[in-house]
Amino acid sequence: SNIGKMSKYFTLSNEASATDGKFEITRIKSSAPLGIFRYFFRAGTSRIDIAPQAKRYTFRALRNMHIQLDGEIYTILSGDRVVVTSERQKLRCII
């Protein structure tokens, strides 16, 4: 993520900035519903670990998974290598 809070209630990172060219690596250890609930409960009570920041992150998918990029859903297959990068001040917004 590159935001510090999700909604008004969930703290993802106290160090996050949308303009620093970095993103926070948020890892949820369990994909079971109870594990995900625990993670968001901790985020809602501001008791979350500090997320490491990176400009680049590489991982290999251990199983098929769906991801969302800019509102679109994509499928990553088991064994695919994924590289996530962040570029500072490359997005222009006209308001």
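Treat the numbers as computed from the prediction; the structure is a model and nothing was measured. (Residues numbered from 1 in each chain as written. Predicted model: local features only at pLDDT ≥ 70, side-chain atom pairs only at ≥ 80, totals over all residues. Heavy atoms only, no water.)

S.K.: Explain the confidence of the model for the protein chain to me, using residue names and the numbers behind them.
M.R.: Across the protein chain, the average pLDDT comes to 76, with 69% of residues at 70 or higher. For the protein chain, strand β1 (residues 5–6) is the element with the lowest average pLDDT, namely 51, and strand β5 (residues 56–60) is the one with the highest, namely 92. (pLDDT = per-residue confidence, 0-100. Helix = DSSP H or I, 4+ residues; strand = E, 2+ residues; numbered from the N terminus.)

S.K.: Outline the packing of aromatic side chains, supporting the account with residue identities and numerical values.
M.R.: The full count for this structure, using the stated rule, is one aromatic pair. Taken together, a centroid distance of 5.9 Å and an interplanar angle of 40° make the contact between Y57 and F59 tilted. (Phe/Tyr/Trp six-rings, centres within 6.5 Å; stacked < 30°, edge-to-face > 60°.)

S.K.: Can you tell me about a nonpolar patch on the surface, naming the residues and giving the values?
M.R.: A cluster of nonpolar side chains, contributed by L34, F37 and F41, occupies part of the molecular surface with about 340 Å² of accessible area. Structurally, the position occupied by L34 is in helix α1 (residues 33–44). (Patch = residues over 30% accessible without salt bridge, like charges linked within 9 Å, V, L, I, M, F, W, Y side chains within 5 Å. Areas by Shrake-Rupley, 256 points an atom, 1.4 Å probe, with all protein chains shown as cover. Salt bridge = Lys/Arg side-chain N within 4 Å of Asp/Glu carboxyl O.)

S.K.: With reference to specific residues and values, describe the pairing of strand β7 (residues 72–76).
M.R.: Pairing between strand β6 (residues 65–69) and β7: five bridges, direction antiparallel. Each bridged residue has a counterpart across the sheet, and for I67 the counterpart in β7 is Y74. Hairpin connection from β6 to β7: two residues lie between these consecutive antiparallel strands, with D70 at a positive phi of about 50°. (Pairing = 2+ DSSP bridges.)

S.K.: Kindly report on the environment of R27, identifying the contributing residues and their values.
M.R.: Residue placement: R27 occurs in the loop between β3 (23–24) and α1. When the C-alpha atoms of R27 and P52 are compared, they prove to be 9.8 Å apart, with 25 residues separating the residues in sequence.

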